[in-house]
Amino acid sequence: MMEMILCFRKAIGVVKDQTSISIAKVSGNIARDVEVLIVKATGHDNEPPEEKYTREILNLTFYSSSYVNACICTLSKRLSKTHDWIVALKVLMLIHRLLDDGEPGFGEEMIHMNRNRTRVLNMSDFHDEVHSNSWEHSGFVKTYALYLTRKLEFMSFDQNIANNSSNFEKVLERLHHLLRVLDRVLSCRPTGDAKSTRIVLIALHLVLKESFRVYDDAYEMIEVLLQGFSEMEYDIGVKAFDQFVYAAKMSDELVVFYNWCEDIGVARSSEFPNVQKITDEILGSLETFLSERKIVYDNGKIDEIKAVPLPPPESHNPPPPAAMSTEDLLNLKDDANGRLQVVSREDPFEASLRVLPPLYMWEQYG
């Protein structure tokens, strides 16, 4: 009986899609083309959004601001009304693509709406009523929406503050936002049946690829802070140390997450970054340095501070990937324009440690 009800609901979903398309076609809306395309791209069928529809939407939103507004309105309405996790996930995937590849006005309008509490991506009350045993898929939809919300917050931050590497407070704030984005990346790990569902893994692939860029940005911020650690005011140094502790924990969790993603074939091994571990020895030396600096500051003898050489970080080298049948699940292709490449470069951690002035000696934590 339950199976019959679910099949009936799915059939109704398909009919709703056709009805929405028909209504949009005959409406007097100037941007009815984009409405039709959104319905086609986010249908109830268990397939990812077709690239041709996504491309057409991207082209139309580049055409004029009226298409951008109509696009956001249609996506918001579809997301708020659906009780099908497939439709919800496809809408989120489309929003993700528009934020990354679309007209800048789309992201700006989404940021504006997010600031004004018109939260298009608020999926906290979402629940699926179409599929049985779908709570894991619904859970992924919610965490994906939270990730995109954090992405919008970071985009807003980057719009409103210049990345000035000479200002440690700005660098610290940017690192803080980057680490929060990575935290949301980690929460997107699907569970149960969702981790073997093709459309879920394709959405995860979007998040995963973006996390590589976010990690690289965070890595550069850490490099800047390490280079200037001995020059910071004491209170800024304490804040930097707290971020290093958080980043050290994050690097351990990222390694586990990336290894899992590699094992199930979400991305190719060549795409993954070489995650650097901030070791206990590094944290210990920084903490000792801060303790000494506090004493010196308290005594009013700032000029007597000596610097500390730090031990090199440990590098997490991922193991060679095993052959996984799930790679076909994502239909990954060797597209030179669509793959992230690992760029060989000098380890910035080691480079940053070498430029630290030799201030004072310390005993390495064993």
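Keep in mind that what you see is a predicted model, and the values were worked out from it rather than measured.

**Points about the overall build of the chain**
Link 1 in the chain: Broken down by element type, the chain carries 13 helices and two strands.
Link 2 in the chain: For the chain, the residues scored as buried account for 50% of the 366 residues in total.
Link 3 in the chain: Intrachain contacts of the chain at a sequence separation of at least 6 include 81% that bridge at least 24 residues.
Link 4 in the chain: Within the structure as shown, the chain displays about 18,400 Å² of accessible surface, and the carbon and sulfur contribution to it stands at 51%.

**Considerations on the packing of helix α9 (residues 198-227) against helix α10 (residues 234-263)**
Two quantities define a packed helix pair, namely the angle between the helix axes and the distance between the axes.
Link 1 in the chain: At their nearest, the axes of α9 and α10 sit 12 Å apart, and the two run at 150° to each other. One element, α9, and the other, α10, form an angle in the roughly antiparallel class. Note that α9 runs across α10; the crossing there is left-handed. On α10, the residues that touch Leu-204, Leu-208, Ser-211, Phe-212, Tyr-215, Ile-222, Leu-225 and Leu-226 of α9 are Phe-244, Ala-247, Leu-254, Phe-257, Tyr-258, Trp-260 and Cys-261.
Link 2 in the chain: Its residues assigned to classes, the contact of α9 with α10 shows 14 nonpolar, one polar and no charged.

**What to know about the packing of helix α4 (residues 65-81) against helix α5 (residues 85-101)**
Link 1 in the chain: Where α4 contacts α5, the two axes come as close as 9 Å, and the packing angle between them is 155°. Taken together, the axis directions place α4 and α5 in an arrangement best described as roughly antiparallel. In this structure, α4 meets α5 at a crossing whose hand is left-handed. Each of Cys-71, Leu-75, Arg-78 and Leu-79 in α4 lies in contact with α5, whose residues at this interface are Val-87, Ala-88, Val-91, Leu-92, Leu-94, Ile-95 and Leu-98.

**What about the confidence of the model for the chain?**
Low pLDDT marks regions whose predicted coordinates should not be analysed in detail.
Link 1 in the chain: Taken over all residues, the pLDDT of the chain has a mean of 79, while the share at 70 or more is 71%.
Link 2 in the chain: Across the chain, the secondary-structure element scoring lowest on mean pLDDT is helix α13 (residues 348-355), at 42, and the one scoring highest is α5, at 96.
Link 3 in the chain: Confidence drops under a pLDDT of 50 for residues 321-327, and excluding neighbours within four residues, the segment shows eleven contacts in the predicted structure.
Link 4 in the chain: In the model, residues 334-366 has pLDDT below 50 throughout and makes 77 contacts with residues more than four positions away in sequence or in other chains.

**Here we look at the pattern of salt bridges**
Link 1 in the chain: Inspection of every chain in the model, using the stated rule, returns 14 salt bridges.
Link 2 in the chain: The residue Glu-51 makes a salt bridge to Arg-55 at a minimum N-O spacing of 3.0 Å. Of this pair, Glu-51 and Arg-55 both sit in helix α3 (residues 51-63), separated by four residues, roughly a single helical turn.
Link 3 in the chain: The network of salt bridges with common partners includes Glu-51, Arg-55, Arg-97 and Asp-101.

**Re unusual backbone geometry**
Link 1 in the chain: Backbone geometry at Asn-133 places phi at a positive 50°, although glycine is not the residue there.
Link 2 in the chain: Structurally, Asn-133 can be placed in the loop between α6 (104-115) and α7 (135-160).

**Concerning the packing of aromatic side chains**
Link 1 in the chain: Within the structure shown, the criterion is met by eleven aromatic pairs.
Link 2 in the chain: Each ring, one from Phe-229 and one from Phe-289, has its centre 5.6 Å from the other, and the planes form 50°; the classification is tilted. In this pair, Phe-229 sits in the loop between α9 and α10 while Phe-289 sits in helix α11 (residues 280-299), placing the two residues 60 residues apart along the sequence. For the pair Phe-229 and Phe-289, a shared accessibility class is recorded, and that class is buried.

**Quick word on the nonpolar core**
Link 1 in the chain: Among the nonpolar cores identified, the biggest contains 102 residues, and Leu-89, Phe-106 and Tyr-144 are the most heavily contacted of them.
Link 2 in the chain: Looking at this core, the element that brings in the most residues is α9, giving 18 residues.
Link 3 in the chain: What Leu-89 contacts, discounting residues up to four positions off in sequence, is Phe-140, Val-141, Tyr-144, Ile-199, Val-200 and Ala-203.

**Things to note about a negative patch on the surface**
Link 1 in the chain: Taken together, the side chains of Glu-169, Glu-173, Glu-233 and Asp-235 define an acidic patch exposed on the protein surface.
Link 2 in the chain: By the secondary structure assignment, Glu-233 is in the loop between α9 and α10.

**A closer look at α6**
Link 1 in the chain: Taking 1.5 Å of rise per residue, the twelve residues of α6 would be expected to cover 16 Å, and the 17 Å separating its terminal C-alpha atoms lies within 8% of that figure.
Link 2 in the chain: The elements touched by buried residues of α6 are α4, α5 and α7.
Link 3 in the chain: Its side-chain oxygen 2.5 Å from the backbone nitrogen of Gly-105, Glu-103 forms the N-cap of α6.

**Things to note about the side chain of Thr-149**
Link 1 in the chain: When you line up the elements, Thr-149 lands in helix α7.
Link 2 in the chain: According to the relative accessible area criterion, Thr-149 is buried, its value standing at 13%.
Link 3 in the chain: Ignoring sequence-local partners within four residues, the contact set of Thr-149 consists of Asn-114, Arg-119 and Leu-121.

**Regarding helix α2 (residues 32-41)**
Because each turn of an α-helix spans 3.6 residues, side chains separated by three or four positions in sequence point in the same direction.
Link 1 in the chain: Counting buried positions along α2 yields seven of ten residues, so the element is predominantly enclosed.
Link 2 in the chain: Burial in α2 covers these residues: Val-34, Glu-35, Val-36, Leu-37, Ile-38, Val-39 and Ala-41.

Rules used in this analysis
- Residues numbered from 1 in each chain as written.
- Predicted model: local features only at pLDDT ≥ 70, side-chain atom pairs only at ≥ 80, totals over all residues.
- Heavy atoms only, no water.
- Helix = DSSP H or I, 4+ residues; strand = E, 2+ residues; numbered from the N terminus.
- Buried < 20%, exposed > 50% of the residue type's maximum accessible area, 1.4 Å probe, protein only.
- Contact = heavy atoms within 4.5 Å.
- Areas by Shrake-Rupley, 256 points an atom, 1.4 Å probe, with all protein chains shown as cover.
- Axes fitted to C-alpha atoms, helices over the stretch in contact; angles between N-to-C directions.
- Parallel < 35°, antiparallel > 145°, perpendicular 65-115°, else oblique.
- Left-handed = near helix turned anticlockwise from the far one by under 90°.
- Nonpolar A, V, L, I, M, F, W, Y, C, P; charged D, E, K, R; others polar.
- pLDDT = per-residue confidence, 0-100.
- Salt bridge = Lys/Arg side-chain N within 4 Å of Asp/Glu carboxyl O.
- Phe/Tyr/Trp six-rings, centres within 6.5 Å; stacked < 30°, edge-to-face > 60°.
- Core = buried A, V, L, I, M, F, W, Y, C linked by side-chain atoms within 4.5 Å.
- Patch = residues over 30% accessible without salt bridge, like charges linked within 9 Å, V, L, I, M, F, W, Y side chains within 5 Å.
- Lys, Arg positive; Asp, Glu negative; His and termini not counted.
- Charge placed at Lys NZ, Arg CZ, Asp CG, Glu CD.
- Expected span 1.5 Å × (residues − 1).
- Polar contact = N/O pair within 3.5 Å; in protein donor to acceptor, adjacent residues only side chain to side chain.

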